[in-house]
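# Structural overview
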Amino acid sequence: MKLFPAIVTLHLLGGLFLLVLLCVQAVGHQQAVLQQPPAPISRPLRNALWAVFSLLFIQVALGGWVSTNYAVLACSTFPDCNGSWWPEMNFAQAADIWRPLGLLSDGTTISFAALTAIHYIHRLAAYAVIAAVLLLVYALRKQPALTSQRKWLLGLIALQFATGLSNVVLDWPLLAAVLHTGGAAALVTVMTWALAATRTRSALALQEDHNAPHGARSIAA
Ligand code: HEM
């Protein structure tokens, strides 16, 4: 379909979802081999992990949309966009999903304002995702079970910002583009690792009850 943007973006998301499944398997395997159950965490912290994981996936989809529409050079300055804090943008065209590369679904050519919107939305959303990751890093400071994940998140989010910025100001060098895609995959992997390595206390108690011999369960009840 000649690099149909929605298909290429779905291909990226599908690849990352496979990575998520592999990571869940790897953590589960390690827990089984080491006979080490998931670490208990509070319900709000578990919700925060899921929220950041979901935000990250949305941000990856927005990034894939920039890349597959070749909108990387639509904003060539940072932190503003082509000298303006709010450049001319066409959000309706940017949200036209099912269309061939360079065209709209009605067959007309996509405007530069649409490519600008596609680029700028990813950039603005990145600030929210970076803030959410930093808040999570702060919230994890007293969780010894997630120390490694916390350090990885901090390093990777800095790398992600640096490579995203390099894509813009250095005119899209190949190394920055590859590192930006790899960094996103690594962030998704670390978030999956954090989720697979933990459970809420109530889920662990339920699991323990389920695994206990029948008699023991009735006595506990
Ligand atoms: C949480 C932070 C971020 C995540 C998870 C993220 C993720 C991604 C992903 C997955 C892509 C698609 C790569 C591909 O299809 O190969 C992408 C593309 C892009 N991102 Fe980000 N991004 C983030 C932050 C940023 C920031 C802060 C900037 C700019 C300052 C930026 C600029 C870009 C650009 C210009 C592209 C297009 C690159 C290309 O076409 O090769 N990103 N991003």
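Look up a bit, the structure's there.
These notes cover the structure that comes with them. (Residues numbered from 1 in each chain as written. Predicted model: local features only at pLDDT ≥ 70, side-chain atom pairs only at ≥ 80, totals over all residues. Heavy atoms only, no water.)

## Let's talk about the coordination of the iron atom of the ligand
Filter applied, for reference: Donors, by definition, are the N, O and S atoms found within 2.8 Å of a metal, the threshold being 3.2 Å for Na, K and Ca, and water is not counted, so a site can look incomplete. A four-donor site is called tetrahedral if each angle lies between 85 and 135 degrees; a four-donor site is square planar, and a six-donor site octahedral, when trans pairs exceed 155 degrees and the remaining angles lie between 65 and 115; all other cases are labelled irregular. Strands are runs of DSSP state E lasting at least two residues, helices are runs of H or I lasting at least four, and both sets are numbered from the N terminus onward.
The coordination sphere of the iron atom of the ligand, as far as protein atoms go, consists of His122 (NE2) and His180 (NE2), spread over 2.0 Å. One can describe the site at the iron atom of the ligand as octahedral: its 6 donor atoms subtend angles covering 87 to 179 degrees at the metal. Here histidine 180 lies in helix H6 (residues 174-196) and histidine 122 lies in helix H4 (residues 112-139), a separation of 58 residues in the sequence.

## Focus: the packing of aromatic side chains
We count it as follows: The aromatic pairing rule takes the rings of Phe, Tyr and Trp, using the six-membered ring of Trp, and pairs them if the centres are within 6.5 Å, calling planes under 30 degrees apart stacked, those over 60 edge-to-face and the rest tilted. When accessible area is computed with a 1.4 Å probe and restricted to protein chains, residues below 20% of their type maximum are described as buried, those above 50% as exposed, and intermediate ones as partly exposed. We call a charge positioned over a ring when the NZ of a Lys or the CZ of an Arg lies within 6 Å of the ring centre and within 35 degrees of the ring normal.
Counted according to the given criterion, the structure contains 6 aromatic pairs. Aromatic pair phenylalanine 78 and phenylalanine 161: ring centres 5.9 Å apart, planes at 70 degrees, arrangement edge-to-face. Of this pair, phenylalanine 78 sits in the loop between helix H2 (43-68) and helix H3 (91-94) while phenylalanine 161 is found in helix H5 (residues 147-169), placing the two residues 83 residues apart along the sequence. The class for phenylalanine 78 is partly exposed, based on a relative accessible area of 26%. Here the aromatic cluster, defined as three or more aromatic residues joined through ring pairs, consists of Trp50, Phe53 and Phe57. The ring centre of tyrosine 138 lies 3.9 Å from the NZ or CZ of arginine 141, which sits over that ring.

## A few points about the packing of helix H1 (residues 5-34) against H2
Here is the rule: With axes taken as lines fitted to C-alpha atoms, and helix axes fitted only over the stretch in contact, angles between N-to-C directions fall between 0 and 180 degrees. Crossing handedness follows the turn of the near helix against the far one: under a right angle anticlockwise gives a left-handed crossing, and clockwise gives a right-handed one. The contact rule is simple, with two residues in contact once any of their heavy atoms fall within 4.5 Å. Residue polarity is assigned by list, with Asp, Glu, Lys and Arg as charged and Ala, Val, Leu, Ile, Met, Phe, Trp, Tyr, Cys and Pro as nonpolar; anything else, Gly included, falls into the polar class.
Across the interface, H1 lies against H2 with an axial gap of 9 Å and an inter-helix angle of 145 degrees. Of the two elements, H1 crosses H2, and the hand of that crossing is right-handed. The residues of H2 that touch H1, namely those facing Pro5, Ala6, Val8, Thr9, Leu12, Leu13, Leu16, Phe17 and Val20, are Phe53, Phe57, Val60, Ala61, Gly64, Trp65 and Thr68. For the contact of H1 with H2, a count of residues per class yields 13 nonpolar, 3 polar and no charged.

## Some words on the site of the ligand
Selection rule: We call a residue near a molecule or strand as soon as one heavy atom of that residue lies within 4 Å of the molecule or strand. Two N or O atoms count as a polar contact when they lie within 3.5 Å, although within protein this holds only if one can serve as hydrogen donor and the other as acceptor, and sequence-adjacent residues are included solely when both atoms are side-chain atoms.
Inspection of the region around the ligand gives 26 residues, with Ser67, His122, Trp172, His180 and Thr181 positioned closest. Residue serine 67 places a side-chain N or O atom 3.1 Å away from an oxygen atom belonging to the ligand. A distance of 2.8 Å separates a nitrogen atom of the ligand from a polar side-chain atom of histidine 122. Residue assignment for the shell around the ligand shows that the elements contributing at least two residues are H2, H4, H5 and H6. Among the elements that take part in the shell around the ligand, H2 stands out by supplying 7 residues, more than any other. Residues of the shell around the ligand, tallied by class, amount to 14 nonpolar, 11 polar and 1 charged.

## Digging into the side chain of glutamine 59
Secondary-structure assignment places glutamine 59 in helix H2. Once residues lying within four places of it in the same chain are set aside, the contact partners of glutamine 59 are His122, Ala125, Ala126 and Val129.

## A word on the nonpolar core
Selection criterion: Only buried Ala, Val, Leu, Ile, Met, Phe, Trp, Tyr and Cys residues count toward a nonpolar core, and they belong to the same one when joined by side-chain atoms within 4.5 Å.
In terms of nonpolar packing, the biggest core is built from 29 residues, with Leu153, Val188 and Met191 touching the most fellow members. Taken together, the elements giving at least two residues each to this core come down to H1, H2, H4, H5 and H6. The element contributing the most residues to this core is H6, with 8 residues. Once you skip the residues sitting within four places of it in the chain, methionine 191 turns out to touch Leu49, Val52, Phe53, Leu56, Leu136 and Leu153. If you look at the next biggest cluster of nonpolar residues, it comprises 17 residues, including Met89, Ala94, Ile110 and Ala114.

## Looking at the packing of H5 against H6
Worth spelling out the cut-off: Angles are sorted into four bins: roughly parallel if under 35 degrees, roughly antiparallel if over 145, roughly perpendicular if 65 to 115, and oblique for all others.
Look at H5 against H6: their axes get within 9 Å of each other, and the N-to-C directions meet at 155 degrees. The orientation of H5 with respect to H6, classified from their angle, is roughly antiparallel. The chirality of how H5 crosses H6 is left-handed. Residues Ser148, Gln149, Trp152, Leu153, Leu156, Ile157, Leu159, Gln160, Thr163, Gly164, Ser166 and Asn167 of H5 pack against Ala176, Ala177, Leu179, His180, Gly183, Ala184, Ala186, Leu187, Val190, Met191, Trp193 and Ala194 of H6. Among the residues forming the contact of H5 with H6, the class breakdown is 15 nonpolar, 9 polar and no charged.

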